[in-house]
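A structural walkthrough
As a plain string of letters, each chain reads:
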Amino acid sequence: MKTTKEDLEFLQEKGLSEEKLNEQLEMLRTGFPYLRIEAPATVGNGISRLTPEMEIGAITCWEEFLHKGGRVMKMVPASGAASRMFKDVFSFVNGKSDKPDTEFMKKFFDRIEDFAFFHFLNFITILNYQESIDSLLKEKRYKDIARALIEKSGLNYGQLPKALLQFHKVMGTSRTALEEHLAEGAQYAAGKDGKVHIHFTVSEDHLPLVRMKVEEAAGFLGKEYGVKFDVTYSVQKPSTDTVAANLDGTPYREEGKLFFRPGGHGALIENLNDLDADVIFIKNIDNVVPDTHRGATIQYKKVIGGTLVAVKQKMDSYCRLIEENKADSEKLAEMLEFMHNVLSITHDRAAEMSDAEKAEYIFKKLNRPMRVCGMVRNEGEPGGGPFLVYNSDGTVSPQILESSQIDPDNKEAMKMMKEATHFNPVDLAVSVRDYRGNKFNLPDYVDKETGFISQKSREGVEIKALELPGLWNGAMSDWNTIFVEVPAQTFNPVKTVNDLLRPAHQPLPNALPE
């Protein structure tokens, strides 16, 4: 592509090189290869099902780690607006029918008092229409109620981030998703000093509102849980945006300017790279429940955190032995067995290597970023899946894949996809330091060939959009990975507003005063 002086100035503003631009355009032209799968990860073959004794051991390890001063952080991707959550409400407001004509909207109005935002919405309807929700329902003014919820003149829930929506009723009041993440962090991530380090990635537009909410909530929640919150923020970097192309592969322009889009959640590997902690938990903003339903979440956060700490300590000790030339043939065989049994890494030719080659191979494999991922048995919820995948170096290792990374024309691969038993609920504990305690540069471990291309409509023009390798897919492709089975109670996402009516998001009977 021939770049103009204006193009180069624009690239400089975004922090992108001309080389990077051409690399992205080439990806848009050629596409990405599908991954070769050995098998779906299942219990006993890539996924660990811990016994009660193993869980107790992992929790003990986690609590000892905190007691010894281990530094923990919780990272919550929270940049998305809630517009998709209210898709059905928008359709109703913009539709022809004045009364709810879908099961979704009938349920929404039938149970409107069960939403945590009900009292806020009621206040807005009185302010805007001088009538309560109850009166508007009797008058069949359903659209007025819906408008008060999603439009700018009302609560503006259609444009706010999920972080700032009232999710749960809590003892006569209510909490936003953001407040629930603060509360949750206090229950498993408080350090020896009583501090809870939480990092939110937010959009620049929402940053001031999110800061205000944290300022308002951190004090009283800190007193309630006996902790102090240290909350930091970041926005997706402009340098991680990706260029859009016309269907023929040429750059798409608007008013002569190159057009860039956010590169998807894989761009957050840069944000994660800026964080400094021994263990970082990663969990989506909408997967959070109130205190009354949080027992399983706290338990299994400690389980995956403790598993990470225990395995990381073992890996680091092996790396030090190799560095000090203290690993004999027997020890190297033990390390290969550990890699196979614990990290699910296999290499057909490892046995044929000399001891020196084995030591080099093992050291390179063990001295990498690491993650322990909770995996939930698949019962119809959406999410990427755990698989055992071939890598370019001939090894097979655990990976989280999206369906777009699997060749739809490969019958064997599609059969394996259907045989998958678990899915990824985005429940991770990660270690980003090497065996000496130095931070890894995480972009070095991204598999750039695991992005994907989607087709979008932009002002009536069909364009190709480049999605970066997903944060827990290709962006962590070259990490050591352990899959641990966790119960379905730990996964309670809110993808639509009516998901807030599920039992996990509602108070227990008699938990609230009348």
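1. Observations regarding the overall build of the protein chain
Helix and strand counts for the protein chain stand at 15 helices and 22 strands. Dimensions of the protein chain, computed from C-alpha atoms along their principal axes, come out at roughly 80 × 60 × 45 Å. Counting all 514 residues of the protein chain, 54% fall into the buried class. As displayed, the protein chain has an accessible area near 24,000 Å², and 49% of this comes from carbon and sulfur atoms. Positive and negative side-chain charges of the protein chain, numbering 64 and 77 respectively, have mean locations separated by a distance of 2 Å.

2. Section: the nonpolar core
Considering soluble globular proteins, one finds that nonpolar side chains tend to be buried as a cluster. Formed by 61 residues in total, the largest nonpolar core has its most connected members in Phe-86, Phe-200 and Phe-229. By residue number, the principal contributor to this core is helix H10 (residues 207-225), which donates 7 residues. Setting aside residues no more than four positions away along its own chain, Phe-86 makes contact with Leu-149, Ile-150, Tyr-157, Gly-158, Leu-165 and Val-497. Counting residues in each nonpolar core, the second largest holds 47 residues, with Tyr-300, Leu-308, Met-370 and Val-486 among its members.

3. Considerations on the pattern of salt bridges
One pass over the structure, following the stated rule, counts 40 salt bridges. One salt bridge connects Glu-184 with Lys-74, and the closest N-O pair in it is separated by 3.1 Å. Note that Glu-184 is positioned in helix H9 (residues 177-188) and Lys-74 in strand E4 (residues 72-77), a separation of 110 residues in sequence. Judged by its relative accessible area of 0%, Glu-184 is buried. Here Arg-433 ties to Asp-278 by a salt bridge, and the two come within 2.9 Å at their closest N and O atoms. Remark: Asp-278 occurs in the loop between helix H11 (268-273) and strand E14 (279-283) and Arg-433 occurs in the loop between strand E19 (427-431) and strand E20 (452-458); sequence separation between them is 155 residues. A relative accessible area of 16% means that Arg-433 is categorised as buried.

4. Some thoughts on the sheet that holds strand E17 (residues 396-401)
If you trace the 3 strands from one edge of the open sheet to the other, you get E1-E16-E17, paired in antiparallel fashion. This sheet does not close on itself; its edge strands, each paired only once, are strand E1 (37-40) and E17. Across this sheet, the average inter-strand angle for adjacent strands is 35°, counted without regard to direction. Note that strand E16 (residues 385-390) and E17 share 6 bridges and pair antiparallel. Following the sheet pairing, Tyr-390 is matched in E17 by Val-396.

5. Some remarks on the sheet that holds strand E10 (residues 245-246)
Within a sheet, each strand pairs with its neighbour through backbone hydrogen bonds, oriented either parallel or antiparallel. As summarised here, the arrangement of the 3 strands in space is E10-E21-E20, forming an open sheet in which the pairing is antiparallel. Looking along the sheet, the strands with just one partner apiece sit at the ends: E10 and E20. With 2 bridges connecting them, E10 and strand E21 (residues 461-467) associate as antiparallel partners. Within the sheet, the bridge partner assigned to Asn-246 lies in E21 and is Ile-463. Along the sheet, helix H2 (residues 18-30) makes contact with E10, E20 and E21, crossing E21 at roughly 115°.

6. Section: the packing of aromatic side chains
Scanning the model with the defined rule gives 16 aromatic pairs in all. Aromatic pair Phe-109 and Tyr-142: ring centres 5.0 Å apart, planes at 65°, arrangement edge-to-face. Separated by 33 residues along the polypeptide, Phe-109 in helix H5 (residues 103-110) and Tyr-142 in helix H8 (residues 142-150) bring together distant segments of the chain. The residues Phe-109 and Tyr-142 share a single accessibility class, namely buried. Between Tyr-318 and Phe-338, the aromatic rings sit 5.4 Å apart at their centres with planes inclined by 75°, giving edge-to-face as the arrangement. Of the two residues, Tyr-318 is situated in helix H12 (residues 295-323) and Phe-338 in helix H13 (residues 329-341); the sequence distance between them amounts to 20 residues. Here the two residues Tyr-318 and Phe-338 agree in accessibility, since each one is buried. Members of the aromatic cluster, each reached through a chain of ring pairs, are Phe-86, Phe-92, Phe-108, Phe-109, Phe-115, Phe-117, Tyr-142 and Tyr-157. It is Lys-143 that lies over the ring of Phe-92; its NZ or CZ is 5.9 Å from the centre.

7. Thoughts on the pairing of E17
Note on strand geometry: in a regular strand, side chains alternate between the two faces of the sheet. Where burial is concerned, most of E17 is hidden: 6 out of the 6 residues are buried. Joining the antiparallel neighbours E16 and E17 is a turn of 5 residues, in which Gly-394 adopts a positive phi near 90°.

8. Section: unusual backbone geometry
For Gln-130, which is not glycine, the phi torsion reads 60° and is therefore positive. With respect to the element layout, Gln-130 can be found in the loop between helix H6 (118-129) and helix H7 (133-138). For Ser-344, which is not glycine, the phi torsion reads 55° and is therefore positive. Relative to the elements of secondary structure, Ser-344 occurs in the loop between H13 and helix H14 (355-366).

9. Some thoughts on H9
Spanning 12 residues, H9 covers 17 Å between terminal C-alpha atoms, matching the ideal 16 Å at 1.5 Å per step. The buried fraction of H9 amounts to 11 of the 12 residues, a majority that puts the element mostly inside the structure. Within H9 the residues assigned to the buried category are Ala-177, Leu-178, Glu-179, Glu-180, His-181, Leu-182, Ala-183, Glu-184, Gly-185, Ala-186 and Tyr-188.

10. A look at the pairing of E14
Counted residue by residue, E14 has 5 buried out of 5 residues, so it is predominantly covered. Of the two faces of E14, both are covered, the one formed by Val-279, Phe-281 and Lys-283 as well as the one formed by Ile-280 and Ile-282. Two strands pair when backbone bridges link them, and E4 and E14 are joined in this way by 4 bridges, in the parallel orientation. Pairing of Met-75 across the sheet is with Ile-282, part of E14. Bridge count between E14 and E19: 4 bridges; the pairing is antiparallel. The residue of E19 that forms the bridge with Ile-280 is Val-430.

Rules used throughout
- Residues numbered from 1 in each chain as written.
- Predicted model: local features only at pLDDT ≥ 70, side-chain atom pairs only at ≥ 80, totals over all residues.
- Heavy atoms only, no water.
- Helix = DSSP H or I, 4+ residues; strand = E, 2+ residues; numbered from the N terminus.
- Buried < 20%, exposed > 50% of the residue type's maximum accessible area, 1.4 Å probe, protein only.
- Areas by Shrake-Rupley, 256 points an atom, 1.4 Å probe, with all protein chains shown as cover.
- Lys, Arg positive; Asp, Glu negative; His and termini not counted.
- Charge placed at Lys NZ, Arg CZ, Asp CG, Glu CD.
- Core = buried A, V, L, I, M, F, W, Y, C linked by side-chain atoms within 4.5 Å.
- Contact = heavy atoms within 4.5 Å.
- Salt bridge = Lys/Arg side-chain N within 4 Å of Asp/Glu carboxyl O.
- Pairing = 2+ DSSP bridges.
- Axes fitted to C-alpha atoms, helices over the stretch in contact; angles between N-to-C directions.
- Phe/Tyr/Trp six-rings, centres within 6.5 Å; stacked < 30°, edge-to-face > 60°.
- Lys NZ or Arg CZ within 6 Å of the ring centre and 35° of its normal.
- Expected span 1.5 Å × (residues − 1).

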